[in-house]
Amino acid sequence: MSDLLRGELVRLTAENPEVMASNFFLWYQDTGWVRFLDTDPSRLTSEKKWKELLDKDLDKESKDEIFFAIRTLESDKLIGFIGLFELFKHHGDTLVAIALGERDYWGKGYGTDAMRIMLRYAFYELNLRRVGLIVFEYNTRAIRSYEKVGFIPEGSVRRVMQRDGKRWDFKYMGILREEWLARQAGEVNDQ
Amino acid sequence: MSIDTQLFEGKLIRLGPINHEKDPDMESRWTHDLSLMRALSRQPALPLSVAQMKKKYEAIEKEVDESKKLFHFTIRSREDDQMLGFTRIEWIEWTHGTCSLKIAIGDLLERNKGFGSDALQLLMRFAFSELNLYRLSVVVGDDNQAGLRFFKRHGFVEEVRRRKSLLRDGQTWDLIHLGLLREEWQAMQGESHHE
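Residues numbered from 1 in each chain as written. Chains lettered and ligands numbered in written order. Predicted model: local features only at pLDDT ≥ 70, side-chain atom pairs only at ≥ 80, totals over all residues.

(A) Broad picture of the pairing of strand β5 (residues 130–136) of chain A. All names here are of chain A. Within β5, 6 of the 7 residues are buried, which leaves the element mostly enclosed by the surrounding structure. The pairing of strand β4 (residues 93–100) with β5 spans 3 bridges and is classified as parallel. Paired with aspartate 93 across the two strands is arginine 130, which belongs to β5. Each parallel crossover has a hand, and for β4 linked through helix α4 (residues 110–125) to β5 it is right-handed. Direction of pairing for β5 relative to strand β7 (residues 166–176): antiparallel, over a ladder of 7 bridges. Paired with isoleucine 134 across the bridge in β7 is tyrosine 172. (Buried ≥ 20, exposed ≤ 12 C-beta atoms within 10 Å, placed from the backbone. Helix = DSSP H or I, 4+ residues; strand = E, 2+ residues; numbered from the N terminus. Pairing = 2+ DSSP bridges. Right-handed = clockwise from strand over helix to strand, strands pointing away.)

(B) Region of interest: the pairing of strand β1 (residues 10–13) of chain A. Residues and elements named next belong to chain A. Residues Val10 and Leu12 line the buried face of β1, whereas the alternating positions Arg11 and Thr13 sit on a face that is not buried. Bridge count for β1 against strand β2 (residues 66–72) is 4 bridges, and the pairing is antiparallel. Along β2, the bridge assignment pairs arginine 11 with arginine 71.

(C) Summary view of the interface of chain A and chain B. Opposite the 22 residues of chain A that make contact, chain B presents 21 residues. Elements supplying a minimum of two residues to the side of chain A that touches chain B: β5, β6 (152–163) and β7 of chain A. If you tally residues by element for the side of chain A that touches chain B, the top one is β6 of chain A, at 9 residues. Here the residues of the side of chain A that touches chain B are counted per class, giving 7 nonpolar, 9 polar and 6 charged. (Contact = placed C-beta atoms within 7 Å. Nonpolar A, V, L, I, M, F, W, Y, C, P; charged D, E, K, R; others polar.)

These figures come from the coordinates and say nothing about function on their own.
This is the structure in structure tokens:
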């Protein structure tokens, strides 16, 4: 278990503000992508402003958030990010969020691999009891990926978002430590 | 409902602004009831001194002023203007017409007298008829059965159970999301008019 942050397709890394800024600057102009990610309306932010925002994060010692970039093993390309937020260590609970800004890498297992690494980090390093997430009901690709790594539906916040004249649900999903451990044991037995 | 209406006047209580002289003493006392703190937040329950409470009130008014995503009201007795609790509309997302609610009656002896119900009814009318929001959310732990019953009695529907999200006193509890949609609230208004 020496390489906790390395998976089969990707690894999770910490990046400098200017690196993330140059990627966010491009990704956030892709409004289709933003609509899978955020309830806030899309806005266009300059690379300079992104850098300032991320510089500010350097100074604040956030205890309830953990953020990693996702890089491919094959070419070291930075394709997205994954993070924990609403991290309540005293309850052993957190929410996870993931996004791949590079569309060429969608639907090929990169996100699923990154999520598997993050769960391993959450359960083996942070010793959390559960990991939860929120996904928009129209993001069916993401829901399939989350099911694949073992997240279980926990209900829907009804009609909480309005887009294109329709109202949409948030789906909540979660995986308990014991469920994840059982899956690990199962995967070992399969081999 | 007439346009010329007092939105903050209930039957037993009224919603009012913070009184920076009187209220810090009272609310500091309430924060020493950790069960109340636990019901309101997942952060570790922590009592606040009167001085800390004064600072907090200043921070609240600053946030209300700057963020435009928050309303904070004290709940006061119509009889003697005593502060009985507080209520908040938080995390307003104007784009989607959504928000979260919090409501607290501070003193254990003042609970179950209808003050909370009275305040929630004012809050619902304010959120739907004045702010034009579409839905209200509350998050309640499974360790707060009185809170769950309260919101369900007022029409909130259980939507999500985040399994074992709370760890308290060596026990785990689900975190429950409840919601009320505008059309559900309107249907209830119709019923109460027929009564």
